[in-house]
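Inside the fold
The chain contents come next:
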Amino acid sequence: MQKTILVTGATSGFGKAIAEKFASEKWNCIITGRRKEKLDELASSLNNTYGVKVLPLVFDVQDREAVFNHLSNLPAEWQSIDVLVNNAGLALGRDSFDTANLNDWETMIDTNVKGVMYVTKAVLPYLTERKKGHIINIGSTAGKEVYKDGNAYCASKHAVDALSKAMRMDLLPYQIKVTVIHPGAAETEFSLVRFKGDENKAELVYDGYKALQANDIADIAYYTANLPKHVCINDLVVTCLAQANSFYLHK
Ligand code: NDP
Ligand code: 8X3
């Protein structure tokens, strides 16, 4: 039977690559994001290229009501979700604790932490009812080590790490797998968003080494989602060859 994946933040970067990878393997896809045009474009492309069914849903994961409105009453044919990927997220700014912007902090916490909680809560009934499913959370090396000027972003990704552990324990009775993938530096729109459209600053992040690419994370997500029923990768840290951890990057 054809499987279904729901991936948040599918308008660019990891989320888009994950949707493309699973669609290429004939999974039907529920894709979400705020940028409707990009989402519709991806939906058509997946449908035309791979012949899979695609349901694009436009909402902001920070908006609790919107999350539940869109996800709680999915059409019956879309309720058998096999894999949920909590990927939507962002960093805003890279500033010292004393000068960082409070609005940036709130957006990161609301998106990266509360967004994951809202989406998971809204989707869980479909998984618990069937006693089956797999939640893949996208954390970060920033969720393993705090780096200078990373404050709230690192805190939000430490929260994703903690939430993943909590989900894994609490969902054991339902036979739901929980995997958290923690990537290091990866070349997506991430730095452009972090540095608020400053292309020079964003490009510098990936200058002088080969960073992870979005399709690397998509391949890993696909691998973790296709292991035997009794096998679950709990926690996976992945960096490019040039990076050892949050602190050591060889350029
Ligand atoms: P991108 O900026 O390329 O993609 C981020 C995605 O998240 C977009 O599709 C965006 O869609 C979506 N998104 C952001 N905010 C919201 C929101 N409030 N509501 C709904 N969707 C939202 O970055 P990446 O692909 O790199 O990032 C994906 C995840 O990976 C994030 O959680 C990030 O923290 C994490 N990560 C990234 C790393 C990197 O170096 N790139 C390394 C480690 C982890 P839209 O704008 O259309 O809403
Ligand atoms: C993104 C990787 O090092 O910019 O989560 O925090 S880093």
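A few points on the structure. Everything numeric here is computed off the predicted structure, so don't read it as measured data.

For ligand 2, the full set of nearby residues is Ser 140, Ala 142, Tyr 147, Tyr 153, Phe 190 and Arg 194. In this structure, Ser 140 approaches ligand 2 through a side-chain N or O atom, which is 2.6 Å from an oxygen atom. At 2.6 Å, a side-chain N or O of Tyr 153 approaches an oxygen atom of ligand 2. Taken by itself ligand 2 offers 240 Å² of open surface, and the protein chains cover 84% of this. Grouping the amino acids of the shell around ligand 2 by side-chain chemistry returns 4 nonpolar, 1 polar and 1 charged.

Sheets are built from strands paired through backbone hydrogen bonds, the pairs being either parallel or antiparallel. With parallel pairing, 7 strands are arranged side by side in an open sheet as 3-2-1-4-5-6-9. Looking at the sheet topology across the chains shown, the edges are occupied by strand 3 (54-58) and strand 9 (235-238). The mean angle between the axes of side-by-side strands here comes to 15 degrees, regardless of whether they run parallel or antiparallel. Bridge count between strand 1 (residues 4-7) and strand 4 (residues 83-86): 3 bridges; the pairing is parallel. Bridging across to strand 4, Leu 6 finds its partner in Leu 84. This element, helix 5 (residues 151-170), spans strand 5 (133-138), strand 6 (176-183) and strand 9 of the sheet and lies at about 160 degrees to strand 6.

Helices that pack against each other are described as a pair by the angle of their axes relative to one another and the distance between those axes. It is the contact of helix 3 (residues 64-71) with helix 4 (residues 102-130), at a shortest axis distance of 9 Å, that shows an interaxial angle of 20 degrees. Relative to helix 4, the element helix 3 lies roughly parallel. Judged by the sense of rotation from one axis to the other, the crossing of helix 3 with helix 4 is right-handed. Across from Arg 64, Val 67, Phe 68 and Leu 71 in helix 3, the residues of helix 4 making contact are Tyr 118, Val 119, Lys 121, Ala 122, Val 123 and Tyr 126. Of the residues contributing to the contact of helix 3 with helix 4, the split by class is 8 nonpolar, no polar and 2 charged.

As a matter of local geometry, ligand 1 sits amid 29 residues, with Thr 11, Ser 12, Arg 34, Tyr 153 and Thr 188 nearest to it. Val 61 places a polar main-chain atom, nitrogen or oxygen, 3.0 Å from a nitrogen atom of ligand 1. Between ligand 1 and the protein, one listed contact pairs an oxygen atom with a backbone N or O atom of Asn 87 at 2.8 Å. In the complex, the protein chains occlude 96% of the 880 Å² of accessible area that ligand 1 would expose alone. Looking at the shell around ligand 1, the elements that each hand over two or more residues are helix 1 (13-24) and helix 5. Residues of the shell around ligand 1, tallied by class, amount to 11 nonpolar, 13 polar and 5 charged.

This next bit is on the pattern of salt bridges. For the structure on display, the rule yields 13 salt bridges. Residue Asp 82 pairs with Arg 130 through a salt bridge whose shortest N-O separation is 3.6 Å. Linking Asp 82 in the loop between helix 3 and strand 4 with Arg 130 in helix 4, this pair joins segments that are 48 residues apart in sequence. By relative accessible area, which is 11% here, Asp 82 ends up buried. The exposure class assigned to Arg 130 is partly exposed, which follows from its relative accessible area of 29%. Here Asp 149 and Lys 148 are joined by a salt bridge, their closest N and O atoms 3.0 Å apart. Sharing partners across several salt bridges, the network here consists of Lys 144, Asp 161, Lys 165 and Asp 235.

Cut-offs used in this document
- Residues numbered from 1 in each chain as written.
- Chains lettered and ligands numbered in written order.
- Predicted model: local features only at pLDDT ≥ 70, side-chain atom pairs only at ≥ 80, totals over all residues.
- Heavy atoms only, no water.
- Near = heavy atom within 4 Å.
- Polar contact = N/O pair within 3.5 Å; in protein donor to acceptor, adjacent residues only side chain to side chain.
- Areas by Shrake-Rupley, 256 points an atom, 1.4 Å probe, with all protein chains shown as cover.
- Nonpolar A, V, L, I, M, F, W, Y, C, P; charged D, E, K, R; others polar.
- Pairing = 2+ DSSP bridges.
- Helix = DSSP H or I, 4+ residues; strand = E, 2+ residues; numbered from the N terminus.
- Axes fitted to C-alpha atoms, helices over the stretch in contact; angles between N-to-C directions.
- Contact = heavy atoms within 4.5 Å.
- Parallel < 35°, antiparallel > 145°, perpendicular 65-115°, else oblique.
- Left-handed = near helix turned anticlockwise from the far one by under 90°.
- Salt bridge = Lys/Arg side-chain N within 4 Å of Asp/Glu carboxyl O.
- Buried < 20%, exposed > 50% of the residue type's maximum accessible area, 1.4 Å probe, protein only.

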